[in-house]
Amino acid sequence: LRRGKKVEINVPIYKDKNTPSPFIEFPDVPAAKPDHVYMDATGFGFGCCCIQMTIQACNLDEAKVLYDQLAIVTPIMMALSAAAPTYRGYLCEVDCRWNVISASTDDRTNEEIDNPGEDRARTSRYCTINSFLRSDKFSDVNPPYNKEIYRTLMDANVENVDDLMARHIAHLFIRDPISAFSNRIELNDETDTDHFESIQSTNWQNMRFKPPPPGSDIGWRVEIRTIEAQITDFENAAFVSFCILLSR
């Protein structure tokens, strides 16, 4: 609804000697590209399977280190676990689900896509991280962020909320909320984080930084989100175990 039209997912088809050239399924659909498998619903992306693992950190600083370091490994883990070469029954010229689910969750309007600004999203809601949390030495993307949220966080002068953390949170809030429950709208934001989580949980990135829930002894965590689901439990467990060992 926010986008104003259907999502447009085009995946290049794998061509063998029996594949028509050009391969055209929907000649009357302008969004459908030649030599591509076309999909037009979010379900095609969220129907993909994956492994997402949350790792507990001993404190905030370790969580930042894990976030920064594991983010670098996430594309390698996706490549190693690549297991999504078919869509709508066609073998495609891709190995992973990432671009499919990214296109399926792109809720930007045409104006936002054609005229990105300082406070407008430049990517789909499903994308890679835009900056690191512990050091900005390699943060060269300069992502857009919500200026009001940033000022609120910095003016609050809260311990451990530095410039990098404030920009990270403010970047999440360039998005509109896309889901809400009628009984969870009027809340006390001093004690409840549902409003924050409605934005945090719909920014689907390769890594997620997860603050402790209020009133809980659960600490700071990070989540790895790129690994593709495997055929056997053994293979899935192997990838999880490897990431846990790597994090230590």
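1. Overview of helix H2 (residues 60-80)
Given a rise of 1.5 Å per residue, 21 residues ought to cover 30 Å, and the 29 Å separating the end C-alpha atoms of H2 matches this to within 8%. Those residues of H2 not exposed but buried are Leu 60, Ala 63, Lys 64, Leu 66, Tyr 67, Asp 68, Leu 70, Ala 71, Thr 74, Met 77 and Met 78. Where H2 begins, the capping side chain belongs to Asn 59, and its oxygen is found 3.2 Å from the backbone nitrogen of Asp 61.

2. Notes on empty space enclosed by the protein
Under the definition given, this model contains 2 cavities of 30 Å³ or more. Estimated volume of the largest cavity: approximately 50 Å³. Forming the boundary of the largest cavity are Tyr 67, Ile 129, Asn 130, Ser 131, His 168, His 171, Leu 172 and Gln 205. Among the elements that line the lining of the largest cavity, the one with the most residues is helix H6 (residues 163-172), at 3 residues. Across the lining of the largest cavity, the residue classes break down as 3 nonpolar, 5 polar and no charged. His 168, Leu 172, Gln 200, Asn 203, Gln 205, Met 207, Arg 208 and Phe 209 together form the lining of the second largest cavity. Looking at the lining of the second largest cavity, the elements that each hand over two or more residues are H6 and strand E8 (207-210).

3. Focus on the layout of surface pockets
Taken as a whole, the largest pocket spans an internal volume of roughly 950 Å³. In terms of lining, the largest pocket is formed by 30 residues, of which the most central are Leu 153, Ile 169, Thr 193, Phe 196 and Pro 211. Of the residues forming the lining of the largest pocket, the biggest block, 5 residues, is contributed by helix H7 (residues 194-200). For the lining of the largest pocket, a count of residues per class yields 18 nonpolar, 6 polar and 6 charged. Size it by volume and the second largest pocket reaches roughly 380 Å³. What lines the second largest pocket is a set of 17 residues, among which Glu 8, Ile 9, Asn 10, Asn 99 and Ala 103 lie closest to the centre. Mapped onto the lining of the second largest pocket, the elements with two or more residues apiece are strand E1 (9-12) and helix H3 (98-104).

4. Brief notes about the sheet that holds E8
The sheet built from 3 strands is open, its strands ordered E3-E9-E8 with antiparallel pairing. Two strands bound the open sheet, and with one partner strand each, they are strand E3 (50-56) and E8. Across the sheet, the axes of successive neighbouring strands diverge by a mean angle of 20 degrees, strand direction being ignored. Where E3 and strand E9 (residues 221-228) come together, 6 bridges link them in antiparallel fashion. Pairing of Ile 51 across the sheet is with Ile 227, part of E9. Against the sheet, helix H8 (residues 233-247) makes contact with E3 and E9, and its axis sits at roughly 30 degrees relative to E3, the strand it touches most.

Reading the values: rules and limits
Residues numbered from 1 in each chain as written. Predicted model: local features only at pLDDT ≥ 70, side-chain atom pairs only at ≥ 80, totals over all residues. Heavy atoms only, no water. Helix = DSSP H or I, 4+ residues; strand = E, 2+ residues; numbered from the N terminus. Expected span 1.5 Å × (residues − 1). Buried < 20%, exposed > 50% of the residue type's maximum accessible area, 1.4 Å probe, protein only. Polar contact = N/O pair within 3.5 Å; in protein donor to acceptor, adjacent residues only side chain to side chain. 1 Å grid on protein atoms, 1.4 Å probe; cavity = no way out; pocket = protein on both sides within 12 Å on 5 of 7 lines; lining within 4 Å. Points joined across faces, edges and corners; volume = space filled by probe spheres on them. Nonpolar A, V, L, I, M, F, W, Y, C, P; charged D, E, K, R; others polar. Pairing = 2+ DSSP bridges. Axes fitted to C-alpha atoms, helices over the stretch in contact; angles between N-to-C directions. Contact = heavy atoms within 4.5 Å.

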